[in-house]
Amino acid sequence: MKRWGELEMHKKSRKRVTRQDPVSCESCRRKKLKCNRQQPCSSCITRRLPCSYGVASDAAHTQRAESENGGQSEAIVPVSRSTFGLQEERSEDTRPFENSQPSHRNRESLRTANWLENIHMGDRVPTATPKSLRDELNELRDMEYCIAPAVLLTTSSRRWNASRENPATVDLLSFLPDRDEAMIRFKYYIDYIDYLYHIIFPKRVQDQIDGIYRAIENGQPPNLSHVALLFSIAASSSFLQPSMKFSSCAELFSREFSFLTGAALIQSNHLVNPTVEGLQAAMMIMHHASNMNCHPSVSSLFIHAAIVSQAKNLKLHCIDSPQSREEREANPPDAVELETKRRLWWDITSYDWFLGFLSGPQEWTYLVNPDHMKVNWPLNLDDKAIKGFGEESLPIWTPTDMSFSIERLKLGIVCREVIDATSHEHLSGIEVSYQKILELDRKFNQALAEVPEFFRLDPISRRQFASLYQDRPTIAWQRCLLQQGYFSRLCRLHRNFFIRGAREPEYSYSHVVCLQSARKVLEIKRIMDEDEPKFTPPSSIVWSVMHHVFMATVILMLDVCFNWDDILAEKRKEEVLEACRIVDSAQISSSLVKEGIKAMMGVLQKHWKNGKPPASPNLNSFFNRIPTSVDAPRQTLPTTVELDPPSNFPTNVDDTPTPDPQLEDIWSDMLDSSTTIEMGDTDWTGLLSELTKATVPHG
């Protein structure tokens, strides 16, 4: 039986007798422009305007569909903008921080610094911005999404509105990419994403993807855990597409595939009966895909606390306990599966300890206690070398597929030691003794000194391992990420004594370390951009990289502000502006980077106004003028899913766009006004903390 609404539509379509041709869209009628009567029309695409035809167009489409079906119009839905509704309803769970005024400026600045720092969690950038700014960004996305149908994947004819359905009942197979598209996305993930968090064995996952399509061809239901893993790979490869021009389109794909990942986990009853593949899928979404607009019905699956719980349900925390070893001796396990479990557990653990040394609700605490687990470290072996049970790990100075993950784990252990040593003081409001800071500094430097030579950035090591970087370019990328991770955390350890160190000899070491670390972070960014082999995706597309760069720039700027009468003040100002240009040029890499920089600039300007209102240009007008249809100046990726625009899609003719200089003007104006800012010695140390606070991971 037809629903009442469908019957009404059926009656109305039969009553319509007009033969009038479709009229122009509303925008073209208002502007008196020629309209090609497509949806969206070429004029609206060019002008980035929403294309709506109103009732007349809907009726015209309905009439045309009726005539093509011999007058039978049942199940015909009027074509309007809602048909192309590619935008998920935005969650209202995240609320802007209140713009309160604490009684002491140093407390206010401390919160501001935490806020800035935490914006590096890119999937929550908009929550760090004021509501008015978030509304503006959402409006910009709305404008971009209305042209998304024109640049959908040429291999995809599916509708992109899965997230409007119930995740427990959505038809997952109808949203599966075809086999060729799935393998293209998988290859992109392996080539350009997997090495950041190496939690899969590519050969095994490829076999699992093949198994999905074989089952469908044979009329059998596929393994839903494997389907979830495929959707998570598609979400990750979409989100990190290195293109500004298709950034909104990629974000759409990522959001839809993230929802489908959660739907597959729900339908497989993952929380009750978790699987290794289901856990891998959840972790990929957590690490690589934006959870910013993920549908509330599935977002809880991807928060850190839920993933820790899933791992414990799989008993990953005790896979090397005496009881487990006895069971393995009696029944030798699958060596690849055992090693996969170790990789998953230690990835979760190191991520947990990193979060504890990051401002926000989880600061100075962690969920995984080292005394409450028994898991051996992952083997330092290439994936292909693990063929059977009992393989021996290679020396740590031998580069392998797991070298970066192991070194990242060592850095996580140092972060956990910082939490253990200082959490009582921080949570009790007591200043940490400087001797304790120096002791923790020694631990950081000792761990840094033990990093294998192929992960170092000194000229000798770079020349010595140049051939290795050519053969394994991921190691060249990983060494930069690892070094940047060490220096940014060293700076964070000392930042409470940064300004005091500029004036009190007792703390001068902290002042020197912060400046050296900030300059190292900027130097690493230049290496990522200039050294061979070139990195793909470009370093600027990973928001955490640009977050560190922005924070390093703020450190240098604060030093200028508190030492404005220094003999080298002008040279230091130029150093800050040069760093600012790096930030400025990064905005053409992706909308995520642009929004993150915009949010951080908003926070920075707000606190500068507390000292002296700067006469800088309007921030909103600056960001509104940044080009949004420019490809990042990088080499073409042969393995990316092609997002070819139609011939009438607007593109920038200039392949090397010049960034808007206004951001540099803003920083220059703030530097010029620094001599009149009246604040105490320790006030702006806290700026580096509040800049993190609004965007910490849930859980």
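Residues numbered from 1 in each chain as written. Predicted model: local features only at pLDDT ≥ 70, side-chain atom pairs only at ≥ 80, totals over all residues. Heavy atoms only, no water.

S.K.: Teacher, can you tell me more about the overall build of the chain here?
M.R.: On a plain count of helices and strands, the chain comes out with 28 helices and zero strands. Here the chain holds 699 residues, and 57% of them are scored as buried. Considering only residue pairs separated by 6 or more positions, the chain has 78% of its internal contacts joining residues 24 or more positions apart. Summing over all exposed atoms, the chain offers an accessible surface of approximately 30,400 Å²; the carbon and sulfur share of this is 50%. (Helix = DSSP H or I, 4+ residues; strand = E, 2+ residues; numbered from the N terminus. Buried < 20%, exposed > 50% of the residue type's maximum accessible area, 1.4 Å probe, protein only. Contact = heavy atoms within 4.5 Å. Areas by Shrake-Rupley, 256 points an atom, 1.4 Å probe, with all protein chains shown as cover.)

S.K.: Hey, could you run me through the nonpolar core in this one?
M.R.: Inside soluble globular proteins, nonpolar side chains tend to come together where they are buried. In terms of nonpolar packing, the biggest core is built from 151 residues, with Leu279, Phe444, Phe550 and Trp667 touching the most fellow members. A total of 15 residues in this core trace back to one element, the largest contributor, which is helix α23 (residues 543–562). Beyond its immediate sequence surroundings of up to four residues, Leu279 is in contact with His270, Ile307, Gln310, Ala311, Leu314, Leu316, Leu344 and Ile348. (Core = buried A, V, L, I, M, F, W, Y, C linked by side-chain atoms within 4.5 Å.)

S.K.: What's the story with helix α24 (residues 569–586) in this structure? I'm lost.
M.R.: Because an α-helix completes one turn every 3.6 residues, residues spaced three or four positions apart along the sequence face the same direction. A rise of 1.5 Å per residue sets the reference length of α24, with its 18 residues, at 26 Å; its end C-alpha atoms lie 26 Å apart and thus fit the reference within 8%. Within α24, burial applies to Ala569, Arg572, Lys573, Val576, Leu577, Ala579, Cys580, Ile582, Val583, Asp584 and Ala586. (Expected span 1.5 Å × (residues − 1).)

S.K.: When you look at the packing of aromatic side chains in this model, what are you seeing that I'm missing?
M.R.: The geometry of an aromatic ring pair comes down to the distance between the two centres and the angle between the two planes. Scanning the entire structure with this criterion turns up eleven aromatic pairs. Between Tyr188 and Tyr192, the ring centres sit 5.2 Å apart and the planes meet at 50°, which makes this aromatic pair tilted. Placement of the pair is Tyr188 and Tyr192 together in helix α7 (residues 179–192), with a separation of four residues, close to one helical turn. Accessibility expressed as a relative area gives 16% for Tyr192, which makes it buried. (Phe/Tyr/Trp six-rings, centres within 6.5 Å; stacked < 30°, edge-to-face > 60°.)

S.K.: Quick question: what am I supposed to make of the pattern of salt bridges here?
M.R.: Side chains bearing opposite charge may pair, as long as their charged atoms lie close to each other. By the definition in use, this model includes 29 salt bridges. Across the pair Asp320 and Arg342 runs a salt bridge whose closest N-O atoms are separated by 2.8 Å. Taken together, the residues span a long stretch of sequence, with Asp320 in the loop between α13 (304–313) and α14 (322–330) and Arg342 in helix α15 (residues 335–356) at a distance of 22 residues. Take Asp320 and Arg342: they sit in the same class, and that class is buried. Look at the salt bridges and you will find they share partners, linking Asp320, Arg328, Glu339 and Arg342 into a network. (Salt bridge = Lys/Arg side-chain N within 4 Å of Asp/Glu carboxyl O.)

S.K.: So what exactly am I meant to see when it comes to the confidence of the model for the chain here?
M.R.: Do not read the fine detail of predicted coordinates wherever pLDDT is low. Mean pLDDT over the chain stands at 74; residues scoring 70 or higher make up 66%. Counting interchain partners and residues more than four positions distant, the pLDDT-below-50 stretch residues 55–109 has 97 contacts. (pLDDT = per-residue confidence, 0-100.)

S.K.: Sorry, what's going on with unusual backbone geometry here?
M.R.: Trans is the prevailing form of peptide bonds, just as negative phi is the prevailing case for residues other than glycine. Despite not being glycine, Asn269 shows a phi value in the positive range, around 60°. Mapping Asn269 onto the fold places it in the loop between α10 (247–267) and α11 (276–288).

S.K.: Got a minute to help me understand the packing of helix α9 (residues 224–239) against α11 in this structure?
M.R.: When two helices pack together, their arrangement is given by the angle between the helix axes and the distance between those axes. Between α9 and α11, the shortest axis-to-axis distance is 8 Å and the interhelical angle comes to 15°. In this view, α9 runs roughly parallel relative to α11, as classed from their interaxial angle. As α9 packs across α11, the resulting crossing turns out to be left-handed. In this structure, α9 contributes Ser225, His226, Ala228, Leu229, Ser232, Ile233, Ala235, Ser236 and Phe239 to the contact, and α11 contributes Glu277, Gly278, Gln280, Ala281, Met284, Ile285 and His288. (Axes fitted to C-alpha atoms, helices over the stretch in contact; angles between N-to-C directions. Parallel < 35°, antiparallel > 145°, perpendicular 65-115°, else oblique. Left-handed = near helix turned anticlockwise from the far one by under 90°.)

S.K.: For this particular structure, what's the right way to read the environment of Tyr213?
M.R.: Inspection of the secondary structure puts Tyr213 in helix α8 (residues 202–217). Its relative accessible area of 7% is what places Tyr213 among the buried residues. Spatially, the C-alpha atom of Tyr213 lies 9.6 Å from that of Leu176, the residues being 37 residues apart in sequence. Once residues lying within four places of it in the same chain are set aside, the contact partners of Tyr213 are Leu176, Pro177, Asp178, Arg179, Ala182 and Leu230.

S.K.: Just to check I follow, could you spell out the environment of Ser27 for this structure?
M.R.: Counting through the fold element by element, Ser27 comes out in helix α2 (residues 26–31). C-alpha separation for the pair Ser27 and Cys51, spaced 24 residues apart in sequence, amounts to 6.8 Å. In this structure, Ser27 is in contact with Cys44, Leu49 and Pro50, ignoring residues within four places of it in sequence.

S.K.: I'm lost on α13 in this one. Help?
M.R.: Regarding α13, the residues found buried are His304, Ala306, Ile307, Val308, Gln310 and Ala311. Contacts from the buried residues of α13 go to α11 and α15. Trailing α13 by a residue or two, Lys315 shows a phi angle of about 60°, which is positive.

S.K.: Sorry if this is basic, but what is going on with the packing of α11 against α13 here?
M.R.: For the pair α11 and α13, the least separation of the axes is 10 Å and the interaxial angle reads 160°. When the axes of α11 and α13 are compared, the pair comes out roughly antiparallel. Here the hand of the crossing between α11 and α13 comes out left-handed. On α13, the residues touching Leu279, Ala282, Met283 and Met286 of α11 are His304, Ile307, Gln310 and Ala311. Partitioned by chemical class, the residues of the contact of α11 with α13 number six nonpolar, two polar and no charged. (Nonpolar A, V, L, I, M, F, W, Y, C, P; charged D, E, K, R; others polar.)

S.K.: Any chance you could explain the side chain of Asp531 here in plain terms?
M.R.: By the element assignment, Asp531 lies in the loop between α22 (508–530) and α23. Sequence-distant contacts of Asp531, defined by excluding residues within four places in its chain, comprise Arg462, Arg479 and Arg526.

S.K.: What is the right way to read the side chain of Arg343 from this model?
M.R.: If you trace the backbone, Arg343 turns up in helix α15. Residue classification places Arg343 among the buried residues on the basis of a relative accessible area of 3%. In this structure, Arg343 is in contact with His198, Ile200, Phe201, Pro378, Leu381, Asp383, Ile386 and Met402, ignoring residues within four places of it in sequence.

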